[in-house]
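# Examination of the molecular architecture
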Amino acid sequence: MGTTTEGGAGADTAGRDRPPRPPSSLSPSRAADFMRCPLLYRLRVIDKLPEKPSLAATRGTVVHAVLERLFDAPAAERTARRARDLVPGEWERLLAARPELAALFDAAEPAALAEWLDSAGALVDRWFTLEDPTRLEPAERELYVETVLESGLTLRGYVDRLDVAPATGDLRVVDYKTGKAPRPEYRDEPLFQMSFYALVLWRLRGVVPRRLQLVYLGSGDVLTYDPSERDLLRTERRLLALWEAIRAATASGEWLPRRTPLCGWCDHQAFCPEFGGTPPPYPLAETAGELPVVGENGPV
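These lines cover the structure that appears in this document, whether it is placed above or below. Keep in mind the model is a prediction, meaning the values are calculated, not measured. (Residues numbered from 1 in each chain as written. Predicted model: local features only at pLDDT ≥ 70, side-chain atom pairs only at ≥ 80, totals over all residues. Heavy atoms only, no water.)

## As for the overall build of the protein chain
Counting its regular elements, the protein chain contains seven helices and six strands. What you see in the protein chain, going N to C, is helices and strands ordered as β-α-α-α-α-α-β-β-β-α-β-β-α. Every one of the 300 residues in the protein chain was classed for burial, and the buried ones make up 44%. A separation threshold of at least 6 residues defines the contact pool for the protein chain, and within that pool the share at least 24 residues apart is 72%. (Helix = DSSP H or I, 4+ residues; strand = E, 2+ residues; numbered from the N terminus. Buried < 20%, exposed > 50% of the residue type's maximum accessible area, 1.4 Å probe, protein only. Contact = heavy atoms within 4.5 Å.)

## Concerning the packing of aromatic side chains
Applying the stated rule across the entire model yields 11 aromatic pairs. Measuring from centroid to centroid gives 5.2 Å for Trp 127 and Phe 128, while their planes differ by 75 degrees, and the two rings are edge-to-face. Trp 127 gets classed as buried once you look at its relative accessible area, which sits at 0%. The class for Phe 128 is partly exposed, based on a relative accessible area of 21%. When the ring of Tyr 144 is compared with that of Tyr 158, the centres are 5.1 Å apart and the planes differ by 55 degrees; the resulting orientation is tilted. With a gap of 14 residues between them, Tyr 144 in strand E2 (residues 140-148) and Tyr 158 in strand E3 (residues 154-164) connect regions that are remote in the sequence. (Phe/Tyr/Trp six-rings, centres within 6.5 Å; stacked < 30°, edge-to-face > 60°.)

## Considering the packing of helix H6 (residues 188-205) against helix H7 (residues 229-252)
Relative to each other, H6 and H7 sit at 105 degrees, their axes nearing to 9 Å. Here H6 is positioned roughly perpendicular relative to H7, judged by the angle of their axes. Here H6 contributes Asp 188, Phe 192, Ser 195, Phe 196, Ala 198, Leu 199, Trp 202 and Arg 203 to the contact with H7, which in turn contributes Glu 229, Leu 232, Leu 233, Thr 235, Glu 236, Arg 238 and Leu 239. Residue classes in the contact of H6 with H7 are distributed as eight nonpolar, two polar and five charged. (Axes fitted to C-alpha atoms, helices over the stretch in contact; angles between N-to-C directions. Parallel < 35°, antiparallel > 145°, perpendicular 65-115°, else oblique. Nonpolar A, V, L, I, M, F, W, Y, C, P; charged D, E, K, R; others polar.)

## Comments concerning the environment of Gln 269
Mapped onto the secondary structure, Gln 269 falls in the segment after H7. Measuring from C-alpha to C-alpha, the distance between Gln 269 and Leu 40 comes to 9.7 Å, with 229 residues separating the pair along the chain. Setting aside chain neighbours within four positions, we find Gln 269 in contact with Cys 263, Gly 264, Phe 275 and Gly 277. Of note is the side chain of Gln 269, whose polar atom sits 2.8 Å from the backbone oxygen of Cys 263. (Polar contact = N/O pair within 3.5 Å; in protein donor to acceptor, adjacent residues only side chain to side chain.)

What follows is the structure, encoded as C-alpha cells:
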C-alpha cells in the first residue's frame, strides 16, 4: 500500500526472522526513515525491532484494501455503499492474517470496534467526493515495482494505483493517504516518495509518468505533481547520495538519532539517546565494512 498509510501496520514482518545483514535496497518508506532519523532506519531495517500496531495504521491498511477491492466490481456497482460494506470484511481478513491486532480492542467494549470501523468507513466515503470510481479502470492496483539502477542500487516499493490513459498511454501514479495533507513546508517527503515511484516506473517502462497524485482522505485534499525527466534525474541523484550515506553508516556503525516532531509517535524511545536511552549492540559489528549485497531484498 504505497508504504505510506498512517503508520506501519501493513508492513511486511517476514524479514524479522532473518539474521541481521547489511541493507541491500531502498523503498520510499525506508528512505524516508533514514532522512528523518538514521537511528530509526537502523532499528527498523537492521535490528528489525518490533513495533506495536496502532489504530491509525491498521485503519489505513483496511481502507487501502477496500479501495483496492472495490475495483473488482463492475463500474456501475462501485458505489459508496458497496465500498463501506467492504470495511468489516477487510478488517476480518486482516485480523485473520494478523491475530495480534485483536489486542487493539477490548473485548468488553464492542462499541470501540464499531466506532473504529465507522471511522474507516468515513474515510472511504470521503474518497467518493474526490474521485469517481465508475469512471476509472486502473491498469494496476497494489503494484510491486522493482528496478536496479546503473549504480547497482535496487529500488522497490508498492504503487497503490496505476492508471493508463487509453488514448495516449500516459501514466498516472496514485497514492492514497489516510491522514491529512501536510502544510506546504512539509510536502517534500510525500512528493519525494511519489518521485521515487515515478523514477522506478520510468526505468522499467521507459516512460516518465505524466502525473503523480496524492489523495488525502483525512482532509479531502488531492495534491498533484507532473514530473519531468530532469526532475527524475534529480531524484535519482538524491537517492544515490542517500544510499552512500546509508552504506557509510552501515560500515561505521554510527547511526545518529535526530529529534523531530514525530518522535512522540516512535516506539523506540527506550533505545534513543535523545530520550536517555541506549541503542542495542550493533548487530553488524563483525561485518561492518562489507558492502550491501544488491538484489537481496528485505522488508519494504
